[in-house]
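Examination of the molecular architecture
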Amino acid sequence: MRLKSRHTGSGAVARPERLTESGEPVAEMLSPHEQGEQAQAAMKRGDVEGAIGWWRKAVAQAAATHDREAMGYALLNIAMASTQLGSFGPAEAAFTEAAETGHPDIVPKAFTGLAILYKGLGRIPDARRCYEQVLASGDPKLLPQARQGLAELDRTGE
């Protein structure tokens, strides 16, 4: 491991960063937000599994500090990336865990993700239940999507 210092524009040295021999930051020294940035960088490189690894580290650190919002967003990202990989069981688990954070910004997003996942898997009663949870949340940004999702289920007789 090597030590690297970042210099600010004023010439002051920002907090030191520990880097692995390959030049990667040591996860334990990064905040959940910084770990999320590493995950996004991995996604841009096409490294979905690497991104999931960074988000899992962010979840662990956010859980340790009781940061339900950071934990929830990292879980939502894990769920979406898992879906991208076709790993629907882990996606379902991550969406469910995100909903269980109880964070008011996270819960409706998690239920929306679950509803879409369940619809795609043909689990229509579960999809309907999740869309209804989104409606019950009253989240103004997600209400239209939930209404449309339920209307589609009604229209197709599912």
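The rules we used
Here the residue numbers are simple positions, counted from 1 along each chain's written sequence. Predicted model: local features are reported for residues with pLDDT of at least 70 only, side-chain atom pairs are reported and counted for 80 or more only, and whole-chain, interface and lining totals are derived from all residues. Hydrogen atoms and water are omitted, and side-chain values are computed over all heavy atoms in the structure. Criterion for a salt bridge: a side-chain nitrogen of Lys or Arg within 4 Å of a carboxyl oxygen of Asp or Glu. In DSSP terms, a helix is any run of H or I states spanning at least four residues, a strand is any run of E spanning at least two, and both are numbered starting from the N terminus. Residue burial is assigned from relative accessible area. The probe radius is 1.4 Å, only protein chains are included, and a residue is buried under 20% of its type maximum, exposed over 50%, and partly exposed in between. A helix's residues, less one, multiplied by 1.5 Å, set its expected span. Any pair of residues with heavy atoms lying within 4.5 Å of one another is described as a contacting pair. Polar contacts, as counted here, are pairs of nitrogen or oxygen atoms within 3.5 Å of one another; within protein the pair requires one atom able to donate a hydrogen and one able to accept it, and residues that are adjacent in sequence qualify only if both atoms are side-chain atoms. As defined here, a cavity is a set of points on a 1 Å grid over the protein atoms alone where a 1.4 Å probe fits but cannot get out. A pocket is an open set with protein on both sides within 12 Å along at least five of seven lines, and residues line them when an atom is within 4 Å of a point. Grid points are joined across faces, edges and corners, and a volume is the space filled by probe spheres set on the points. Take the buried Ala, Val, Leu, Ile, Met, Phe, Trp, Tyr and Cys residues and link them wherever side-chain atoms come within 4.5 Å; each set so joined is a nonpolar core. Note on aromatic contacts: the rings of Phe and Tyr and the six-membered ring of Trp form a pair at centre separations within 6.5 Å, being stacked when their planes are under 30 degrees apart, edge-to-face when over 60 apart, and tilted otherwise. We call a charge positioned above a ring when the Lys NZ or Arg CZ atom is no farther than 6 Å from the ring centre and deviates by at most 35 degrees from the ring normal. One number per residue, pLDDT, summarises how confident the predictor is, and it ranges from 0 to 100. An axis is simply a line fitted to the C-alpha atoms; with a helix, the fit covers only the stretch in contact. Between two such axes, the angle follows the N-to-C directions and lies from 0 to 180 degrees. Comment on the angle field: the value is read as roughly parallel under 35 degrees, roughly antiparallel over 145, roughly perpendicular from 65 to 115, and oblique elsewhere. For any helix crossing, the convention is left-handed if the near helix is rotated counterclockwise from the far helix by under a right angle, and right-handed if that rotation is clockwise. Following the grouping adopted for this structure description, the nonpolar residues are Ala, Val, Leu, Ile, Met, Phe, Trp, Tyr, Cys and Pro, the charged ones are Asp, Glu, Lys and Arg, and the polar ones are all others, Gly among them.

1. Focus: the pattern of salt bridges
Enumeration over the complete set of coordinates arrives at five salt bridges. A salt bridge links Glu 152 to Lys 119; the nearest nitrogen and oxygen atoms lie 2.7 Å apart. Pair noted here: Glu 152 is in helix α7 (residues 143–155) and Lys 119 is in helix α5 (residues 107–120), with a separation of 33 residues, a long-range link. Assessed through its relative accessible area of 23%, Glu 152 is described here as partly exposed. Note that Arg 123 and Asp 126 form a salt bridge whose closest N and O atoms lie 3.0 Å from each other.

2. A short note on helix α6 (residues 124–137)
Under the 1.5 Å per step criterion, the end-to-end length of α6 is 20 Å for 14 residues, consistent within 8% with the ideal 20 Å. Buried residues along α6 sit in contact with α5 and α7. At the C-terminal side of α6, Gly 138 shows a positive phi close to 75°.

3. Topic: the side chain of Thr 112
Structurally, Thr 112 can be placed in helix α5. The class for Thr 112 is buried, based on a relative accessible area of 7%. Of the polar contacts made by the side chain of Thr 112, one reaches the backbone oxygen of Pro 108; its length is 2.8 Å. When neighbours within four sequence positions are excluded, Thr 112 is seen to be in contact with Val 134, Leu 142 and Gln 145.

4. Comments concerning the environment of Lys 141
With respect to the secondary-structure elements, Lys 141 resides in the loop between α6 and α7. Measuring from C-alpha to C-alpha, the distance between Lys 141 and Pro 108 comes to 9.5 Å, with 33 residues separating the pair along the chain.

5. Here's the deal with the layout of surface pockets
Its volume calculated, the largest pocket comes out at about 180 Å³. Around the largest pocket sit Pro 32, His 33, Gly 36, Glu 37, Gln 40, Trp 55, Ala 58, Glu 69, Ala 70, Tyr 73, Ala 74 and Asn 77, which together line it. For the lining of the largest pocket, the elements supplying multiple residues, two or more each, are α1 (32–44), α2 (48–64) and α3 (68–84).

6. Quick word on the nonpolar core
In terms of nonpolar packing, the biggest core is built from 40 residues, with Trp 55, Leu 75, Ile 78 and Phe 111 touching the most fellow members. Only α1, α2, α3, α4 (88–100), α5, α6 and α7 provide two or more residues apiece to this core. The element that contributes the greatest number of residues to this core is α2, accounting for eight residues.

7. Here we look at the packing of aromatic side chains
By the definition in use, this model includes zero aromatic pairs. Stacked on the ring of Trp 54, the Lys or Arg Lys 57 has its end atom at 4.7 Å from the ring centre.

8. A closer look at the confidence of the model for the protein
Mean pLDDT over the protein works out to 86, with 82% of the residues at or above the 70 mark. Predicted confidence in the protein is weakest over strand β1 (residues 2–7), with a mean pLDDT of 38, and strongest over α4, with 98. Overall, residues 1–16 carries pLDDT values under 50, and its contacts beyond four positions in sequence, including any with other chains, amount to 30 contacts.

9. Focus: the packing of α6 against α7
It is the contact of α6 with α7, at a shortest axis distance of 9 Å, that shows an interaxial angle of 150°. It follows that α6 is roughly antiparallel to α7 by the angle criterion. Where α6 crosses over α7, the handedness of that crossing is left-handed. On the side of α6, the interface is formed by Ile 124, Ala 127, Arg 128, Tyr 131, Glu 132, Val 134 and Leu 135, while α7 contributes Leu 143, Gln 145, Ala 146, Arg 147, Gly 149, Leu 150, Leu 153 and Asp 154. Considering only residue class, the contact of α6 with α7 consists of nine nonpolar, two polar and four charged.

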